[in-house]
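Residue-level listing of the chains:
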Amino acid sequence: MSGIQIQRRAEAPTREEYGCEFRRILPWQRPGPSDTGMGVCTVAPGTATTPHSHADHEQFYVVRGSGTVQVDGERAGIGPGDAIVVAGHQVHHFENASATEELELLSVWSLGPLGGE
C-alpha cells in the first residue's frame with residue numbers, strides 16, 4: 001500500500017445494522033461481513049440497538065452522546081471517552097436515553113484474540 005488512503009465520513013455507505021445507522025470503514029470499500037473491521041455506529045435519540053451476539057470480539061469507543069450498554073444482562077452507563085469490550089458470543093446492545101443527542105460509537109471487531117489476551 002502506498003500513499004495516504006482516507007475514507008471520508010460523507011463517502012462511507014450507511015446501512016441499518018442491529019438497530020443503528022452503521023458506516024463500515026474497514027475492510028476498505030467492502031459492504032459485507034469480515035473477520036476484522038471497523039465501523040461507526042450511530043444510535044438515534046430515544047432508541048436502542050437490537051440485542052445480538054456473534055463469534056467475533058468487538059470493542060467500542062464512545063465518541064459522543066451517552067446512554068447504557070448491556071452485556072449478558074449486566075448494564076452500565078456510558079459516555080464520551082468510555083471503551084467497552086465485548087467477547088465473542090456475548091449478547092449486547094446499546095440504549096440512547098437522550099431525547100435530542102445521538103449516541104456515536106466506534107466499533108472494532110476481530111475473530112482473533114482481544115488485545116489484552
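What this report covers is the structure whose coordinates are included nearby. Numbering of residues starts from 1 in every chain and runs along the sequence as written. Since the coordinates come from a predicted model, pLDDT governs what is reported: local features require at least 70, and pairs of side-chain atoms require 80 or more to be given and counted, while whole-chain, interface and lining totals use all residues. The basis for the side-chain values is all heavy atoms of the structure; hydrogens and waters are excluded.

## Quick notes on the pattern of salt bridges
Heads up, the rule is: Salt-bridge detection follows one rule: a side-chain nitrogen of Lys or Arg within 4 Å of a carboxyl oxygen of Asp or Glu. Using a 1.4 Å probe on the protein chains alone, a residue whose accessible area is under 20% of its type maximum counts as buried, one over 50% counts as exposed, and one in between counts as partly exposed. Labels follow the DSSP assignment, with helices taken as runs of H or I lasting at least four residues and strands as runs of E lasting at least two, numbered in each case from the N terminus.
Going through the model one piece at a time under the given rule, you end up with six salt bridges. Among the ionic pairs, Arg23 bridges to Glu21, the shortest N-O distance being 3.1 Å. Owing to a relative accessible area of 32%, Glu21 belongs among the partly exposed residues under this scheme. With a closest N to O distance of 3.5 Å, Arg64 and Glu104 form a salt bridge. Highlighted residues: Arg64 in strand S4 (residues 57-64) and Glu104 in strand S9 (residues 103-110), separated in sequence by 40 residues. Assessed through its relative accessible area of 30%, Arg64 is described here as partly exposed. Accessibility expressed as a relative area gives 6% for Glu104, which makes it buried. Residues joined by salt bridges that share partners form a network here, namely Arg15, Glu17 and Arg24.

## Describing unusual backbone geometry
Generally, phi is negative for residues other than glycine and the peptide bonds are trans, each holding for most cases. One non-glycine residue with positive phi stands out, namely Asp72, at about 45°. Tracing the backbone shows Asp72 in the loop between strand S5 (67-71) and strand S6 (74-78).

## Describing the pairing of strand S1 (residues 14-17)
Our working rule: We treat two strands as partners when DSSP finds at least two bridges between them.
Here four bridges tie S1 to strand S2 (residues 20-26), and the two strands are oriented antiparallel to one another. If you follow Thr14 over to S2, its bridge partner there is Arg23.

## Let's talk about the environment of Thr14
This is how it is decided: Contact definition: two residues touch when any of their heavy atoms are within 4.5 Å.
With respect to the element layout, Thr14 can be found in strand S1. Look past the residues within four positions of Thr14 in its chain and what remains in contact with it is Glu21, Phe22 and Arg23.

## Thoughts on the sheet that holds strand S3 (residues 36-43)
Rules: Only the stretch in contact is used when fitting a helix axis, every axis being a line fitted to C-alpha atoms; angles between N-to-C directions are given from 0 to 180 degrees.
The six strands lie next to each other as S1-S2-S3-S9-S4-S7, forming an open sheet whose pairing is antiparallel. If you trace the sheet from one side to the other, it starts and ends with S1 and strand S7 (83-86), each paired once. The average angle at which neighbouring strand axes cross in this sheet is 30°, direction not considered. With seven bridges joining them, S4 and S9 adopt antiparallel strand pairing. Bridging across to S9, Gln59 finds its partner in Val108.

## A closer look at the nonpolar core
Our working definition: Note on terminology: a nonpolar core comprises buried Ala, Val, Leu, Ile, Met, Phe, Trp, Tyr and Cys residues joined through side-chain atoms within 4.5 Å.
Counting residues in hydrophobic clusters, the biggest one holds 15 residues, and the most contacted among them are Phe60, Ile78, Ile84, Phe94, Leu103 and Leu105. Elements with a minimum of two residues in this core: S2, S3, S4, S5, S7 and S9. Of all the elements, S9 adds the most residues to this core, at three residues. Once residues lying within four places of it in the same chain are set aside, the contact partners of Leu103 are Cys41, Thr42, Val43, Val62, Arg64, Gly65, Ser66, Ile78, Phe94, Glu95 and Asn96.

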